[in-house]
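Structural overview
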Amino acid sequence: MRSVYDLSLSDLQDYLKENELKPFHAKQIFRWLYDKRISSFSQMSDISKKMIDQLEKDLEIKLPEIAEKQVSKDGTKKFLFRFSDGSLVESVLMVFDYGFSACLSSQVGCNMGCSFCASGLLKKQRDLTAGEIVSQALMIQKELDLDEQRLGNIVVMGTGEPFDNYDNVMKAMSILNDPFGLQIGARHISISTCGVVPSINRFAKEDLQYNLAISLHAPNDELRSKLMPINKAYPLNELFKALRDYSSVNNRRLTFEYLLLKGVNDSPTEAKQIKDLLKGMNAYINLIPYNKVKEKDFETSDEENALRFYDLLKKNGVSVTLRQKRGTDIDAACGQLRANKTEH
Ligand code: SAH
C-alpha cells in the first residue's frame, strides 16, 4: 500500500478530489501527520469517519523500525532504520549550537564508488521513495519529541547520491519544508552531491533556496578521477561550468566539502589549486577530517598538517572552515553502521 508520506500537500489535495472528498482537508491531514505526528488515521478527531475510512483503504502511515541506535558522548545519535522490505538505512541526529540537524540517506547503498567511502562498499539496491526520506526525518523528530525539542536542519548527506534520485529527494524536501509539514526552512536544508552535472543544471532552474554542497575532495582531474569515478563522466571544467551557471541565477553561497586525506590531497600544491578553482565564486570550502573506514587504506591528515592546510587557504583569501569530528566513538562514519550490519 502507498505510504501517505509519499504525498506532497498538492498530491494529497488531488487524491481527495479524485475520491470526491474536499481538498481543503489536506492541510488538516498534513497537520495531523507532521505536527501532531499521529500513528493512525483514526486519531484525527476533526476528520469525518467517511474520510478516515477512505484514507485507511488507500494509504498507510508507514514508518521504519529502529534496527539499531547508537548514542555518542557528544550527543550524536545514529539510527539504523529498517523499511518494510528489509532495507537498512542510516540516519544521524547531530547537535549543534544552532540547533538539531538530521543527516538523511537518499538511497539503499550507493553506486558512485568513491574510493574512500564506506557507503559504496554496498552497491545501490534501490532508490528510497520520497516517503522513506521524509520518514527518516519524522523518526528523528519523534526522538526529539521525548525532550520537547525541534528538528531545525536537514542535510542529505547520508548513504546514496541525492542527485541520482532527484525527483524523490526533491519531493521529500518539499514535504519537509511545507508550512503544514515539518516546517524546516529551505535555508536550513542542504543537499550534497558528488557532482552529477545534469542534476545540478536541473536544480539551477528550480529557484529553490536549499543549500547546495559539492563533494570536491580533489582540485585536479587526475586525483579527483582516482578518488571519485564520477569525475570521469563530469570532469572539473564541466562541474564548475554548471556551478557557475547555478550561481549566476541563485544567490545562495555554495559549499565545497573537502576530506583531508593524509598524503593524498593535503599538500600546498592542492591548496594553491583550490584557490585557483574557487576564484571569484560565492563559495566556501569545508575541510572535513576523514573517518577511518577499516576496509580502506586512507587516513585522515595529521592535525598539524590539517591546520597548516587551513591556514594556507585562509592566507590565500579562500573562505574556509575546519569541521570538528563528531560521533567518532560510534560507527559514525558515513555508511559504517549499515556496512557493519550487512554482509559484503
Ligand atoms: N553522495 C553525496 C552525499 C553523501 S556522502 C556526496 O557525495 O556528496 C556525504 C559526504 O560524506 C561526502 O562529502 C562524502 O565524500 C563524505 N564521506 C564519505 N566517506 C567519508 C568518511 N569516511 N569520512 C568523512 N566523510 C566521508
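The written sequence of each chain sets the order in which its residues are numbered from 1. Only residues with pLDDT of 70 or above have their local features reported here, since the model is predicted, and side-chain atom pairs are shown and tallied only from 80 upward, although totals for entire chains, interfaces and linings are computed over all residues. The side-chain quantities take in all heavy atoms of the structure and omit both hydrogens and water.

Right, let's talk about helix 10 (residues 268-278) for a bit. To sort residues, take the accessible area from a 1.4 Å probe on protein chains only and compare it with the maximum for the residue type: under 20% means buried, over 50% means exposed, and anything in between is partly exposed. By the criteria applied, helices consist of DSSP H or I runs no shorter than four residues and strands consist of E runs no shorter than two, each listed in order from the N terminus. Three or more residues of helix 10 are buried, namely Glu270, Ala271, Ile274, Leu277 and Leu278. All buried residues of helix 10 lie within an arc of 125 degrees about the axis, which places them on one face of the element. Phi turns positive, to about 75 degrees, at glycine 280, one or two residues after helix 10. Here, the arc refers to the directions that run from the helix axis to the C-beta atoms.

We call a residue near a molecule or strand as soon as one heavy atom of that residue lies within 4 Å of the molecule or strand. Around the ligand sit 19 residues in total, of which Glu161, Ser192, Ser215, His217 and Asn291 are the nearest. With respect to the ligand, the backbone of glycine 160 contributes an N or O atom lying 3.0 Å from a nitrogen atom. In protein, a polar contact requires one atom able to donate a hydrogen and another able to accept it; more generally it is a pair of N or O atoms within 3.5 Å, and residues adjacent in sequence count only if both atoms are side-chain atoms. The contact in question runs from a nitrogen atom of the ligand to an N or O atom on the backbone of asparagine 291, over 2.9 Å. Residue exposure ignores everything except the shown protein chains as possible cover, and the areas themselves are Shrake-Rupley values with a 1.4 Å probe. Contact with the protein chains hides 94% of the accessible area of the ligand, taken as 530 Å² for the molecule alone. Listing elements by their share of the shell around the ligand, those giving two or more residues are strand 10 (189-193) and strand 12 (254-260).

This next bit is on the pairing of strand 4 (residues 77-82). Counting buried positions along strand 4 gives five out of six residues, so the element sits mostly inside the fold. Here the rule is simple: two strands pair whenever DSSP picks up at least two bridges between them. Note: strand 3 (residues 65-71) against strand 4, six bridges, orientation antiparallel. The residue of strand 4 that forms the bridge with isoleucine 66 is phenylalanine 81. When strand 4 meets strand 5 (residues 88-96), the two strands line up antiparallel, connected through six bridges. Directly across from lysine 77, in strand 5, lies its bridge partner leucine 93. The turn joining strand 4 and strand 5, which pair antiparallel and follow one another in sequence, is formed by five residues; a positive phi near 90 degrees is taken by glycine 86.

A separate point is the packing of aromatic side chains. Any two rings among Phe, Tyr and Trp, with Trp reduced to its six-membered ring, count as a pair given centres within 6.5 Å; such a pair is stacked if its planes are under 30 degrees apart, edge-to-face if over 60, and tilted if neither. As enumerated under the stated definition, the model contains 11 aromatic pairs in all. Between phenylalanine 163 and tyrosine 166, the aromatic rings sit 5.4 Å apart at their centres with planes inclined by 50 degrees, giving tilted as the arrangement. Its relative accessible area of 3% is what places phenylalanine 163 among the buried residues. Judged by its relative accessible area of 6%, tyrosine 166 falls in the buried class. On the basis of an interplanar angle of 75 degrees and a centroid distance of 6.2 Å, the ring pair of tyrosine 290 and phenylalanine 298 is categorised as edge-to-face. Following the ring pairs from residue to residue traces out a cluster consisting of Phe163, Tyr166, Phe203 and Tyr246.

Interface size, as often reported, equals the accessible area lost upon joining of the parts. For the domains described, the bounds stem from an automatic or database domain assignment. As assigned here, the protein chain comprises domain 1 (2-60) and domain 2 (65-343). In this description, contact between two residues means that some pair of their heavy atoms is separated by no more than 4.5 Å. Domain 1 puts 13 residues into the contact, and the matching count from domain 2 is 17 residues. By definition, the buried area sums, over both parts, the 1.4 Å-probe accessible area that each loses when the two are put together. A buried area of about 1,300 Å², summed over both sides, lies between domain 1 and domain 2, and 61% of it is on carbon and sulfur atoms. It is Tyr5, Tyr34 and Arg37 that lose the most area in domain 1 upon contact with domain 2, and together they represent 47% of the buried surface on that side. For the pair domain 1 and domain 2, the number of links is five residue pairs in polar contact (both at pLDDT 80 or more).

Along the chain, the position of asparagine 286 falls in strand 13 (residues 283-289). Overall, asparagine 286 belongs to the buried group, its relative accessible area being 11%. In terms of polar contacts, asparagine 286 uses its side chain to reach the side chain of threonine 321, at 3.0 Å. Filtering out sequence-adjacent residues up to four positions away, asparagine 286 remains in contact with Thr255, Phe256, Glu257, Tyr258, Thr321, Leu322 and Arg323.

Attention shifts here to the packing of helix 6 (residues 197-204) against helix 9 (residues 236-249). Two measures define how a pair of helices packs: the angle their axes make with one another and the distance between the axes. Interaxial angles span 0 to 180 degrees and are taken between N-to-C directions of axes, which are lines fitted to C-alpha atoms, for helices over the stretch in contact. Contact geometry of helix 6 with helix 9 gives a least axis separation of 9 Å together with a crossing angle of 5 degrees. By the angle between their directions, the pair helix 6 and helix 9 is classed as roughly parallel. Side by side, helix 6 and helix 9 meet where Val197, Ile200, Asn201, Phe203 and Ala204 of the first sit next to Glu238, Leu239, Ala242, Leu243, Tyr246 and Val249 of the second. Throughout this description, any angle smaller than 35 degrees is read as roughly parallel, any larger than 145 degrees as roughly antiparallel, any in the 65 to 115 degree range as roughly perpendicular, and the remainder as oblique.

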